[in-house]
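# Coordinate analysis (summary)
Here is how the chains run, residue by residue.
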Amino acid sequence: MTSTHLMALGVAALLVFWMLGAHNRLMTLRNAIGAAWAQLDDALRLRGQAVAELTTQLRAHLLHEHGTLDALLVANTQVQDACIALRARPTAAATAGTLAGAEVALGASLSRVLALLEQHKALLADGAVAPPVQVLRQTEPRLAFGRQLFNNAATAYNQAALQWPTRAVTRLFGFSAAGLL
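What counts, and at which threshold
Residues numbered from 1 in each chain as written. Predicted model: local features only at pLDDT ≥ 70, side-chain atom pairs only at ≥ 80, totals over all residues. Heavy atoms only, no water. Phe/Tyr/Trp six-rings, centres within 6.5 Å; stacked < 30°, edge-to-face > 60°. Helix = DSSP H or I, 4+ residues; strand = E, 2+ residues; numbered from the N terminus. Buried < 20%, exposed > 50% of the residue type's maximum accessible area, 1.4 Å probe, protein only. Core = buried A, V, L, I, M, F, W, Y, C linked by side-chain atoms within 4.5 Å. Contact = heavy atoms within 4.5 Å. Arc of directions from axis to C-beta. Patch = residues over 30% accessible without salt bridge, like charges linked within 9 Å, V, L, I, M, F, W, Y side chains within 5 Å. Areas by Shrake-Rupley, 256 points an atom, 1.4 Å probe, with all protein chains shown as cover. Salt bridge = Lys/Arg side-chain N within 4 Å of Asp/Glu carboxyl O.

### Topic: the packing of aromatic side chains
Taken as a whole, this structure holds 1 aromatic pair when the rule is applied. With a centroid separation of 6.2 Å and 70° between ring planes, the pair formed by Trp37 and Phe150 is classed as edge-to-face. Taken together, the residues Trp37 in helix α1 (residues 3-61) and Phe150 in helix α5 (residues 130-162) connect sequence positions 113 residues apart. Taken as a pair, Trp37 and Phe150 share a single burial class, namely buried.

### Describing the nonpolar core
Membership of the largest hydrophobic core comes to 41 residues, with the highest contact counts inside it found for Trp37, Leu44, Leu54, Leu58 and Leu99. Where this core is concerned, the elements lending two or more residues are α1, α2 (66-88), α3 (93-119) and α5. Residue contributions to this core peak at 12 residues, all from α1. In this view, Leu44 contacts Trp37, Val79, Gln80, Cys83, Leu99, Glu103 and Leu143; residues no more than four positions away in its chain are not counted.

### Side note on unusual backbone geometry
Glycine aside, a negative phi is what most residues show, and trans is what most peptide bonds show. Of the consecutive residues Trp164 and Pro165, the connecting peptide bond is found in the cis state with omega at 10°. Along the chain, the position of Pro165 falls in the loop between α5 and α6 (166-173).

### Observations concerning α6
Every buried residue of α6 is accounted for by Thr166, Val169 and Thr170. All buried residues of α6 lie within an arc of 105° about the axis, which places them on one face of the element. Residues Arg171 and Leu172 are exposed on α6 and point more than 90 degrees away from its buried face. For α6, the secondary structure elements touched by its buried residues are α1 and α5. Of the residues flanking the end of α6, it is Gly174, one or two places downstream, whose phi is positive at about 80°.

### Observations concerning a nonpolar patch on the surface
Side chains of Met1, Leu6 and Leu9 sit close together on the surface and give an oily, nonpolar patch of about 380 Å² of accessible area. Along the chain, Leu6 falls in helix α1.

### With respect to the pattern of salt bridges
Here the idea is simple: oppositely charged side chains can pair when their charged atoms come close. For the coordinates displayed, the defined rule picks out 7 salt bridges. In this structure, the salt-bridge partner of Arg137 is Glu118, at a minimum N-O distance of 3.3 Å. You can see Arg137 sitting in helix α5 and its partner Glu118 sitting in helix α3, a full 19 residues away along the chain. Under the relative-accessibility criterion, Glu118 is labelled partly exposed at 37%. Members of the salt-bridge network, linked through shared partners, are Asp41, Arg45 and Arg87.

### A word on the environment of Ala82
Secondary-structure assignment places Ala82 in helix α2. With 54 residues separating them in the primary sequence, Ala82 and Thr28 have C-alpha atoms 24 Å apart. If sequence neighbours within four positions are ignored, Ala82 has contacts with Thr95, Thr98 and Leu99.

Set out below in structure tokens:
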């Protein structure tokens, strides 16, 4: 073997090791998105259960507000469906966008129901209504933290995937941009 062959072999080995390192870095960042999603998903499940329980309890007390409660249930179902889809692939940009839109609808419906509860103070003292309302109020900070953690992980992954020459590895191994909430 000549020195030219050895140099070419060394350059090829260096390129392979660099590609392996870039791939491992992207996989680590993608796994961080999955870990952040797991924390957010737990808070979303808890809020979904609290919304369902609250709606069930309020149906008997707010007979004239069934439309508002139905809108809340529909929005909650949309969020839960988006969560199921995102569990399968936390980096899917389109699914993250769907969840973000469903979250906006749920937030609007939930704020209407909470405003109704403020108008009916006696319901807040009800032993069946108070616990889900308390869970909703406690999960909101967890949700905000979870969204921020998820978005930070997705941003770090997206930035790493866009850097040259790592961008070549993203195309080669099929990495795609992660969505934000």
